[in-house]
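Descriptive structure summary
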Amino acid sequence: MLLQTETQLIVTEQRDYPEWHVGRSDYGLWYIEVDQPELIQYLDEIQAQFSDLLLPKQQRQYHITLFVCGFLQPSAQQYDDDFQIQQLEQQIKLLKALQLTTFELEITQIDSFSSALFLHIKDQDHVLAQIRQQFAQVTNEVAALEYCPHITLGLYREAWLSNIVLERIQQLSIKNIKFQVEKITFGYYKAQILQGLLYPYQQIELG
C-alpha cells in the first residue's frame, strides 16, 4: 500500500520470524538484478539521504522483484507458501517460450509504501506483465497485492508520521535513468536473515 498523508510508518523489527518460516530456509523469487554502476551509485545517494529513517543498510542487492514464489522445496508441498522444484522447471519452460529479447526499463519517481522507501520502475512495453502471466500459470503468487514494479531502498526503523517522508520526497531532484535488462534470475534468500543476500539459482539470458 502506498504511503498516505497523516498516517504512521510501519516498523520492521530486526528479529527472526519463526511464525513465518516455520524452520524453512530458502525463500524463492524471480527478480531482475540491478548491476549498472551508474544506477547503483544513484540508488546509494538517495538511500543515504534517508538513512536516518531507515534500518541500517542491509546486505540484499538492489533488484526488481518479478514474482514471489515461496519456500523452495525439493518435493512435496507441506505449507501454502511452499514452492516445488518441478514448479520452477515449469516456469522456466514458459519463460523461454516467450523468446524475449533484451528490453528497457526506466527508473522514475521516488515513493513509499507504509513500510519501505522505493523507486518506481516504468515498463513502457509491458514486458514484466507478460512474464508474470507466464509464471502465474504454474502457481499463485505468495501474498500477491497489486503488482508495482520497484526497487526497494530501505525499510523503516521507527513509526514516524508519514508526512516526514512525503515532504522529504517532494524536495528531492529525481533523475530518470533507463537501463537494459539482459537476464531474468530465479534466486532465494535465507529467511532467518533480515534483508540478507540474494543467491541466484537459475538465470535466463535474453536473446
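Everything discussed here concerns the structure shown above.
What counts as what
Residues numbered from 1 in each chain as written. Predicted model: local features only at pLDDT ≥ 70, side-chain atom pairs only at ≥ 80, totals over all residues. Heavy atoms only, no water. Helix = DSSP H or I, 4+ residues; strand = E, 2+ residues; numbered from the N terminus. Buried < 20%, exposed > 50% of the residue type's maximum accessible area, 1.4 Å probe, protein only. Salt bridge = Lys/Arg side-chain N within 4 Å of Asp/Glu carboxyl O.

1. Observations concerning unusual backbone geometry
- Unlike most non-glycine residues, valine 22 shows phi in positive territory, near 50°.
- Position of valine 22 relative to the elements: it lies in the loop between α1 (18–21) and β1 (26–33).
- Its identity is not glycine, yet glutamine 195 carries a phi of approximately 55°, on the positive side.
- Topologically, glutamine 195 is positioned in the loop between β8 (183–190) and β9 (199–205).
- Residue glutamine 195 is classed as partly exposed on the basis of its relative accessible area, which comes to 21%.

2. Observations concerning the pattern of salt bridges
- On inspection of all chains with the given rule, the structure shows 8 salt bridges.
- For aspartate 81, the salt bridge is made with arginine 24, and the minimal N-O distance between the two is 2.7 Å. You can see aspartate 81 sitting in the loop between β2 (63–73) and β3 (82–84) and its partner arginine 24 sitting in the loop between α1 and β1, a full 57 residues away along the chain. With respect to class, aspartate 81 is no different from arginine 24; both count as buried.
- Between aspartate 52 and arginine 168 there is a salt bridge whose closest N-O contact spans 2.9 Å. Taken together, the positions of aspartate 52 in the loop between α2 (37–49) and β2 and arginine 168 in helix α5 (residues 162–170) put the pair 116 residues apart, joining distant regions of the chain.
- Given a relative accessible area of 36%, aspartate 52 falls into the partly exposed group.
- Taking the relative accessible area as the measure of exposure, arginine 168 reaches 23% and is therefore partly exposed.
- Taken together, the shared-partner salt bridges in this structure form one network comprising Glu13, Arg15 and Glu19.

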